[in-house]
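# Close look at the chain arrangement
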Amino acid sequence: MTEWPPPPPADNARIQAALLDPERLAAVQDTGLLDSIAEESFDRLTRLAAKITGAPVAFVSLLDAHRDFYKSTFGMDAPLSTLRQLTGRTFCHYSLVSDGPLVLEDATQLPVFRDVPTVASLGVRAYAGIPLKTEAGQVLGSFCAVDFKAKQWTEQDIDILQELAHSAMREIRLRRALHDAEALNQQLVQQLRKVDELNQALHELARTDPLTGLRNRRAFDDSLGLEIAAVERTRSPLSLLVLDLDHFKQINDSFGHDAGDKVLRSIAQVLSGCVRIIDIVARVGGEEFAVILPHTDAQGAHEVAQRMRAAVAQASWLSQPTTISIGAASLRTAETACSLYARADAALYAAKRSGRNRVVAG
C-alpha cells in the first residue's frame, strides 16, 4: 500500500493570486463550459473514477474567480448536484497550486486542511485531486475523488485519476475545437452570404441600365422570353410597346448631353409611373425604351401607350416640349420574341413617319 506524505498546504495569498490570475481566468472562460449543462461524456468519466477507486464521490471542477463550478458530479447530493457550484475555500484551490496530484488520506488530521469548510459542511475526509492543466500550463480546475471516511489511496487509484483527468482535458479541448469550428463555420457562412449578396448585386448591375435604373437590353430580352413562355402555359394575352424620343438629337445639340441624360432619366420615371407592378419597362437603346405588358390585349396596350405619350408631352423638363412616338404590338399565336419586337419596332417607325408624338399598332 502506497503511503502519501501530507503535502504542505499553500497559503491563502498564493491561492488567491492563482485564482485571480487573468491568463488563467481567460483560459477557463475560453473553455465555454462555465454554467454549461451536464454532459454524458464528462459524467462517464466521474462514474468510472468512483467505480474504480471505490470513492463515493467524483467530480470535475472548473475554478472561476470566486466559485468552483462542477462540470460533472457523481455521488453528490442536493444542493451541490443541482446548483453544481461552491463558494469559499475548497480542496480544489490547494490542488490548483500543487505541483502534481493532491492526495489527502484524512483531512481531519492535517493542519489547515481540516479547516476547509467542506470538512465540516459535507463531512469530507479523504481527497485526491488531479489538476486539469492546459498545454500552456494554465490550471483550469481539478479532476477529483472524495470519500467521507479516511482512505488510503493506492498508486493505481492516482494513476487512474490521472488518466481520467487527461481524458477530461481531451473533452475540454474537443469542446473548444468544436466551438472554434462552429465560429469559423459561422464566419464562412457570413462570408458566403456576403459573396452571394455581392454576386446578386453584380447580377442586378449587369441587368440594369446605369443611367435610368431601368432594366437594360439583356434583361429585357430575358424577360420577354420568359413572358412568352408563360403565355404558352396560360394562354393569356401579351403586348409590347417600343417607344423613342422625338428629335432627341436636337435636345443634345441645343442643351448638351447632360441635359439629354436628365431628360432620359425623367422619361424613365414617367414611364415607370404609368405601368403596373407586373409590367416591365426597359431602356433598350440610346433614346429607345420598351415596355412588356403581361395579361394585356391590343386595346389595353393602346390605352397604356396613350397614357405614356400624354404624360411625357405634358411634362416640362426643358424650354421646349418633349414628345415620344410609340409602336404597339400584341403577341400572335406561336409568335417568337424576335417577331413580336420587329412588329412593334416597325410600328414605332410608322409613328415617326406619320408625324411623331403618336401611337401606332403593328
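Residues numbered from 1 in each chain as written. Predicted model: local features only at pLDDT ≥ 70, side-chain atom pairs only at ≥ 80, totals over all residues. Heavy atoms only, no water.

### Quick word on the pairing of strand β10 (residues 324-330)
Basically, it comes down to this: Working definition: with a 1.4 Å probe on protein chains only, accessible area under 20% of the residue-type maximum means buried, over 50% means exposed, and in between means partly exposed. Numbered from the N terminus, helices here are DSSP runs of H or I no shorter than four residues, and strands are runs of E no shorter than two. Should DSSP find at least two bridges between two strands, the strands are regarded as paired.
Of all 7 residues in β10, 6 are buried; the element is thus mostly enclosed. In this structure, strand β7 (residues 238-245) lies alongside β10, joined through 7 bridges in antiparallel fashion. Pairing of L240 across the sheet is with A329, part of β10. Summarising the sheet, β10 and strand β11 (residues 359-361) pair through 3 bridges and their orientation is parallel. If you follow A328 over to β11, its bridge partner there is A361.

### Concerning a nonpolar patch on the surface
Just so we agree on the cut-off: Patch membership is restricted to residues that have no salt bridge and whose relative accessible area is over 30%. Joining uses 9 Å for like charges and 5 Å for the nonpolar side chains Val, Leu, Ile, Met, Phe, Trp and Tyr. Per-residue and other accessible areas follow the Shrake-Rupley method at a 1.4 Å probe size, with only the shown protein chains counted as cover for residues. Salt bridges, as used here, are contacts in which a Lys or Arg side-chain nitrogen is within 4 Å of a carboxyl oxygen on Asp or Glu.
Taken together, the side chains of L198, L202 and L205 define a hydrophobic patch exposed on the protein surface, amounting to about 320 Å² of accessible area. Topologically, L205 is positioned in helix α7 (residues 155-206). For L205, a relative accessible area of 61% puts it in the exposed group.

### Concerning helix α9 (residues 248-255)
A turn of α-helix holds 3.6 residues, and therefore any two residues three or four places apart point the same way. Spelled out, the test is: Directions from the helix axis toward the C-beta atoms define the arc. Here a residue-residue contact requires only that any non-hydrogen atoms of the pair lie within 4.5 Å.
Here α9 has its buried residues at F248, I251 and N252. In an axial view of α9, the angular spread of the buried residues amounts to 95°, which keeps them on one side of the axis. Exposed positions of α9 whose direction lies more than 90 degrees from the buried face are K249, D253 and S254. Looking at the buried positions of α9, the neighbouring elements they touch are β7 and α10 (257-273). G256, located one to two residues past α9, shows a positive phi value of around 95°.

### As for the packing of helix α8 (residues 217-234) against helix α12 (residues 337-353)
Note the threshold: Working convention: axes come from line fits to C-alpha atoms, limited for helices to the stretch in contact. Angles between N-to-C directions cover 0 to 180 degrees. The labels follow the angle: roughly parallel below 35 degrees, roughly antiparallel above 145, roughly perpendicular from 65 to 115, and oblique for the rest. Working rule for handedness: look at the near helix, and if it is turned counterclockwise from the far one by less than a right angle, call the crossing left-handed; if clockwise, right-handed. Classification used: nonpolar for Ala, Val, Leu, Ile, Met, Phe, Trp, Tyr, Cys and Pro, charged for Asp, Glu, Lys and Arg, polar for all others including Gly.
Running from N to C, α8 and α12 point in directions that differ by 115°, and their axes come no closer than 10 Å. In terms of their interaxial angle, α8 and α12 are classed as roughly perpendicular. Relative to α12, the crossing made by α8 is right-handed. Where α8 approaches α12, its residues R217, F220, L224 and I228 are matched on the opposing element by A337, L340 and Y341. Here the contact of α8 with α12 is built from residues that sort into 6 nonpolar, no polar and 1 charged.

### Some remarks on the sheet that holds strand β5 (residues 126-133)
Judged by pairing direction, the sheet is antiparallel, and its 6 strands sit side by side in the order β3-β2-β1-β6-β5-β4 without closing on themselves. Each edge of the open sheet is held by one strand with a lone partner, namely β3 (85-86) and β4 (102-104). Across 2 bridges, the pairing between strand β2 (residues 68-74) and β3 is antiparallel. Paired with D68 across the strands is L86, a residue of β3.

### Some words on the layout of surface pockets
Condition: A pocket, in this scheme, is an open set of points on a 1 Å grid over the protein atoms alone with protein on both sides within 12 Å along at least 5 of 7 lines, while a cavity is a set where a 1.4 Å probe fits but cannot get out; residues line either one if an atom lies within 4 Å of a point. Grid points are joined across faces, edges and corners, and a volume is the space filled by probe spheres set on the points.
In this structure, the largest pocket occupies an estimated 330 Å³ of space. Lining the largest pocket are 16 residues, with P7, P8, S98, D99 and L102 positioned closest to its centre. Among the residues forming the lining of the largest pocket, the class breakdown is 12 nonpolar, 2 polar and 2 charged.

### Regarding the sheet that holds β7
Pairing within the open sheet is mixed, and its 5 strands lie in the order β8-β9-β7-β10-β11. Every interior strand has two partners, whereas the edge strands, β8 (280-283) and β11, have only one. Within this sheet the neighbouring strands show an average axis-to-axis angle of 20°, counted without direction.

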